[in-house]
Amino acid sequence: MSSVSTAVLFGRDRHRTRRTLVLAAAVFLASFVLYTSFPIYDGLPLTYLLIIPSIPVLAGAVALISAYRNDGLLVSALVPVMAVLGLELSVALWLAFDLVPSYDPAGFGFVPVLLAAAFAIGVAVAAVGAGTRRVVTAISS
């Protein structure tokens, strides 16, 4: 694989790639903790408006900024996938301990589709970030 395709897929700078991977792990942990404790927040006002979209928005922002600063389409696309994995692990814990027994409307057969959608969204957001950097660089030079 050429160095150009490696840079596009994994990033130009190894340090920034590692930092993005650490941020992906942090997004996974935040998603897992937030969505696992979600039944606790059920009685609070504005819960659904603030908590449900917070992690996907955070994951998308991290993917966009990472792709803008370092390219790395695959590494940047991993961030939304980790957010979905945290959500799915929390749902599995809910069901295992009967915290929310009526949950799981689509079943666990839907997990691969959800992961594929998160990956596709991550690649799209990363492509926008990397493309924006290229346009800004071309305009400023």
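Above this text sits the structure in question.
Residues numbered from 1 in each chain as written. Predicted model: local features only at pLDDT ≥ 70, side-chain atom pairs only at ≥ 80, totals over all residues. Heavy atoms only, no water.

1. Looking at the overall build of the protein chain
Thinking step 1. Summing up its helical and strand segments, the protein chain has six helices and zero strands in all.
Thinking step 2. Listing every helix and strand of the protein chain by position from the N terminus yields α-α-α-α-α-α.
Thinking step 3. The burial tally for the protein chain puts 31% of its 141 residues in the buried class.
Thinking step 4. Looking at the protein chain alone, contacts between residues at least 24 apart form 73% of all its contacts between residues at least 6 apart.
Thinking step 5. Roughly 8200 Å² of accessible area belongs to the protein chain as shown, and the carbon and sulfur atoms make up 76% of that amount. (Helix = DSSP H or I, 4+ residues; strand = E, 2+ residues; numbered from the N terminus. Buried < 20%, exposed > 50% of the residue type's maximum accessible area, 1.4 Å probe, protein only. Contact = heavy atoms within 4.5 Å. Areas by Shrake-Rupley, 256 points an atom, 1.4 Å probe, with all protein chains shown as cover.)

2. A closer look at the packing of aromatic side chains
Thinking step 1. Applying the stated criterion across every chain, the model contains one aromatic pair.
Thinking step 2. Measuring from centroid to centroid gives 6.4 Å for Phe28 and Phe32, while their planes differ by 10°, and the two rings are stacked. Here Phe28 pairs with Phe32, and both are found in helix α2 (residues 14–36), just four residues apart, close to one helical turn. (Phe/Tyr/Trp six-rings, centres within 6.5 Å; stacked < 30°, edge-to-face > 60°.)

3. What to know about unusual backbone geometry
Thinking step 1. In the Ramachandran plot, Asp71 falls in the positive-phi region, its phi being about 60° despite a non-glycine side chain.
Thinking step 2. As for its position among the elements, Asp71 is in the loop between α4 (54–70) and α5 (73–96).

4. Observations concerning the pattern of salt bridges
Thinking step 1. Per the stated rule, a full pass over the model turns up three salt bridges.
Thinking step 2. A salt bridge links Asp71 to Arg12; the nearest nitrogen and oxygen atoms lie 3.4 Å apart. Of the two residues, Asp71 sits in the loop between α4 and α5 while Arg12 sits in the loop between α1 (3–10) and α2, which places them 59 residues apart along the sequence.
Thinking step 3. Take Asp71: its relative accessible area is 4%, and that puts it in the buried class. (Salt bridge = Lys/Arg side-chain N within 4 Å of Asp/Glu carboxyl O.)

5. Overview of the side chain of Ser66
Thinking step 1. Of note, Ser66 is situated in helix α4.
Thinking step 2. Classification of Ser66 by relative accessible area gives buried; the value is 9%.
Thinking step 3. A polar contact is formed between the side chain of Ser66 and the side chain of Ser76, at a distance of 3.2 Å.
Thinking step 4. Setting aside residues up to four positions removed in sequence, Ser66 forms contacts with Thr20, Asp71 and Ser76. (Polar contact = N/O pair within 3.5 Å; in protein donor to acceptor, adjacent residues only side chain to side chain.)

6. Description of the nonpolar core
The nonpolar side chains of a soluble globular protein tend to be buried, and buried together.
Thinking step 1. Counting residues in hydrophobic clusters, the biggest one holds 11 residues: Ala24, Val27, Leu34, Tyr35, Ile51, Ile55, Ala59, Val62, Val79, Met82 and Ala83.
Thinking step 2. Mapped onto this core, the elements with two or more residues apiece are α2, α4 and α5.
Thinking step 3. Counting residues per element, this core draws most heavily on α2, at four residues.
Thinking step 4. For Met82, the contacting residues outside a window of four places in its chain are Ala24 and Phe28. (Core = buried A, V, L, I, M, F, W, Y, C linked by side-chain atoms within 4.5 Å.)

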